[in-house]
Amino acid sequence: MAKKGDYFGLPYIVSVILAIIPFTAWLFGFITRFSEGKIIAGILRLIGLGFIVWIVDLILMIVSKHILRLLPI
């Protein structure tokens, strides 16, 4: 069975491909945080930190198979 990635339980390789594309990484990161109930973290992903969070998400997705959990709230 394929290892699950961080975007909606999609396979890891699909999650990495989606994380490479800036718009999908931004959108799915935002949706993922809101679906986890992390409203403030979702808003921060939506309004700011876009490029920095995208680069960090991409690196973490490749290295640790998870996106950045910037705020636990």
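The rules behind the values
- Residues numbered from 1 in each chain as written.
- Predicted model: local features only at pLDDT ≥ 70, side-chain atom pairs only at ≥ 80, totals over all residues.
- Heavy atoms only, no water.
- Helix = DSSP H or I, 4+ residues; strand = E, 2+ residues; numbered from the N terminus.
- Contact = heavy atoms within 4.5 Å.
- Expected span 1.5 Å × (residues − 1).
- Buried < 20%, exposed > 50% of the residue type's maximum accessible area, 1.4 Å probe, protein only.
- Salt bridge = Lys/Arg side-chain N within 4 Å of Asp/Glu carboxyl O.
- Phe/Tyr/Trp six-rings, centres within 6.5 Å; stacked < 30°, edge-to-face > 60°.
- Patch = residues over 30% accessible without salt bridge, like charges linked within 9 Å, V, L, I, M, F, W, Y side chains within 5 Å.
- Areas by Shrake-Rupley, 256 points an atom, 1.4 Å probe, with all protein chains shown as cover.
- Axes fitted to C-alpha atoms, helices over the stretch in contact; angles between N-to-C directions.
- Parallel < 35°, antiparallel > 145°, perpendicular 65-115°, else oblique.
- Nonpolar A, V, L, I, M, F, W, Y, C, P; charged D, E, K, R; others polar.

1. Quick word on the side chain of Thr-24
Link 1 in the chain: Along the polypeptide, Thr-24 turns up in helix 2 (residues 22-35).
Link 2 in the chain: Once you skip the residues sitting within four places of it in the chain, Thr-24 turns out to touch Leu-18 and Gly-29.

2. Description of helix 2
Link 1 in the chain: Taking 1.5 Å per residue, 14 residues should reach 20 Å; helix 2 reaches 20 Å between its end C-alpha atoms and fits that length.
Link 2 in the chain: Listing the buried residues of helix 2 in full gives Thr-24, Ala-25, Phe-28, Gly-29, Phe-30, Thr-32 and Arg-33.
Link 3 in the chain: Directly after helix 2, the chain includes Gly-37, whose backbone phi takes a positive value near 85 degrees.

3. Side note on the pattern of salt bridges
Link 1 in the chain: With the rule as written, the count across this model stands at one salt bridge.
Link 2 in the chain: For Arg-33, the salt bridge identified is with Glu-36, shortest N-O distance 2.6 Å.
Link 3 in the chain: With relative accessibility at 33%, the residue Glu-36 sits in the partly exposed group.

4. A short note on the packing of aromatic side chains
Within a pair of aromatic rings, the relevant descriptors are the distance that separates the centres and the angle that separates the planes.
Link 1 in the chain: According to the stated counting rule, one finds two aromatic pairs in the structure shown.
Link 2 in the chain: Geometrically, the ring pair formed by Phe-23 and Trp-26 is tilted, given 5.7 Å between the ring centres and 45 degrees between the ring planes. In this pair, Phe-23 and Trp-26 both sit in helix 2, three residues apart, roughly one turn of the helix.
Link 3 in the chain: Judged by its relative accessible area of 52%, Phe-23 is exposed.

5. Examining a nonpolar patch on the surface
Link 1 in the chain: Together, Ile-13, Val-14, Ile-17, Ile-20, Ile-21, Phe-23, Trp-26, Phe-34, Ile-39, Ile-43, Leu-46 and Ile-47 make up an exposed nonpolar region whose accessible area comes to about 1100 Å².
Link 2 in the chain: When residues of the nonpolar patch are traced back to their parent elements, those giving at least two are helix 1 (12-20), helix 2 and helix 3 (39-47).
Link 3 in the chain: Within the secondary structure layout, Ile-47 lies in helix 3.
Link 4 in the chain: Owing to a relative accessible area of 67%, Ile-47 belongs among the exposed residues under this scheme.

6. Observations regarding the packing of helix 1 against helix 2
Link 1 in the chain: Helix 2 packs onto helix 1 with a crossing angle of 110 degrees between their chain directions and a minimal axis gap of 5 Å. Here helix 2 runs roughly perpendicular to helix 1, going by the angle between their axes. Counting all contacts with helix 1, which are made through Leu-18, Ala-19 and Ile-20, the residues of helix 2 involved are Pro-22, Thr-24, Ala-25 and Phe-28.
Link 2 in the chain: A class-by-class count of the residues in the contact of helix 1 with helix 2 yields six nonpolar, one polar and no charged.

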